[in-house]
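Observations on the model geometry
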Amino acid sequence: MKFFEKKFLEVYPPLFILSVVIGTIIDLATKYIAIVYLQPHRPVQLIGDFFRLTLTFNTGYVMGFFQGNPRSSLIMTGIAIVVLIGYRWKNPNLGHPIGWGLVMSGAFGNFIDKFFVKNIGSGAEFGFYENQFAGKFIGVVDFLDFDWPNWLFYDRWPAFNFADSCVSVGLVLLILTMKLEEEGKKA
């Protein structure tokens, strides 16, 4: 008995792979622009205090929890990507492909970002240093900063990036389409 009933390229056709690559490139390009043109923790207001660009670096997990754990965050992201690929391959008809593409674009974008040291004002270099030093940072680049009225633990919503947006929108799309598929089976 085969674990995967379909071939890889049947589940992940070239157009799907291309869309994930394009999403990943957009994410990495926006992060690069943020590193070159923004200064850490110095907000640039775009729509008053409601929407700002604020360069931050997430060395932890989702929404900035457990900061200072870059290696374990890297390992967990890698495991999550392998699980996502395997789960989709095993369940190729579950959820909408656009949702899967968005989630994978975001996961790959943040995973790749973790392999670079960010040099403020000039870009990034391949490498991974545990300690941050003058003008160089590790962690995932976050820069989209929205006001959120004192919700849970935050005065402002934690800064995020294009990859985080892809993951969030993709998960909502997957949840909705999986729910609709489930209801369609009951009818």
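Remember, it's a predicted structure, so these values are computed and weren't measured experimentally.

**Here's the deal with the pairing of strand 1 (residues 44–47)**
- Both strand 1 and strand 2 (residues 51–58) contribute to a ladder of three bridges, which runs antiparallel. When the bridges of strand 2 are listed, V44 appears paired with L53.

**Considering unusual backbone geometry**
- The backbone of H41 shows a phi angle near 60°, a positive value even though the residue is not glycine.
- For H41, the position within the fold is in the loop between helix 2 (14–37) and strand 1.

**Here we look at the UniProt feature "transmembrane region" (unreviewed entry) in the protein chain**
- On the UniProt side, "transmembrane region" (unreviewed entry) is annotated at positions that read residues 12–38, 73–89 and 157–176 here.
- In this annotation, residues 73–89 is assigned 100% helix and 0% strand; the end-to-end C-alpha distance for the span is 24 Å.
- Between the C-alpha atoms that bound residues 157–176 the distance is 24 Å, and the span itself is 75% helix and 0% strand.

**Quick look at the sheet that holds strand 5 (residues 136–137)**
- Sheet architecture is open: three strands sit in the order 4-3-5, paired in antiparallel fashion. Both outer strands of the open sheet, strand 4 (123–126) and strand 5, are each paired with one neighbouring strand and no more.
- Contacts from helix 2 reach strand 3 (116–119) and strand 4, with the element oriented near 115° to strand 4.

Cut-offs applied
- In this convention, every chain numbers its residues from 1, walking through the sequence in written order.
- Reporting of local features is limited, given that this is a predicted model, to residues whose pLDDT is at least 70; pairs of side-chain atoms are given and counted only at 80 or more, and all residues count toward the totals for whole chains, interfaces and linings.
- Calculated side-chain values reflect all of the structure's heavy atoms, with hydrogen atoms and water omitted.
- Strand pairing requires that DSSP identify at least two bridges connecting the strands.
- Helical segments are the DSSP runs of H or I of at least four residues, strand segments are the runs of E of at least two, and each set is numbered from the N terminus.
- UniProt positions are given in the numbering used here, feature names are shortened, and annotations may be inferred rather than shown by experiment.
- We call two residues in contact whenever any of their non-hydrogen atoms come within 4.5 Å of each other.
- Lines fitted to C-alpha atoms define the axes, with helix axes restricted to the stretch in contact, and inter-axis angles between N-to-C directions lie between 0 and 180 degrees.

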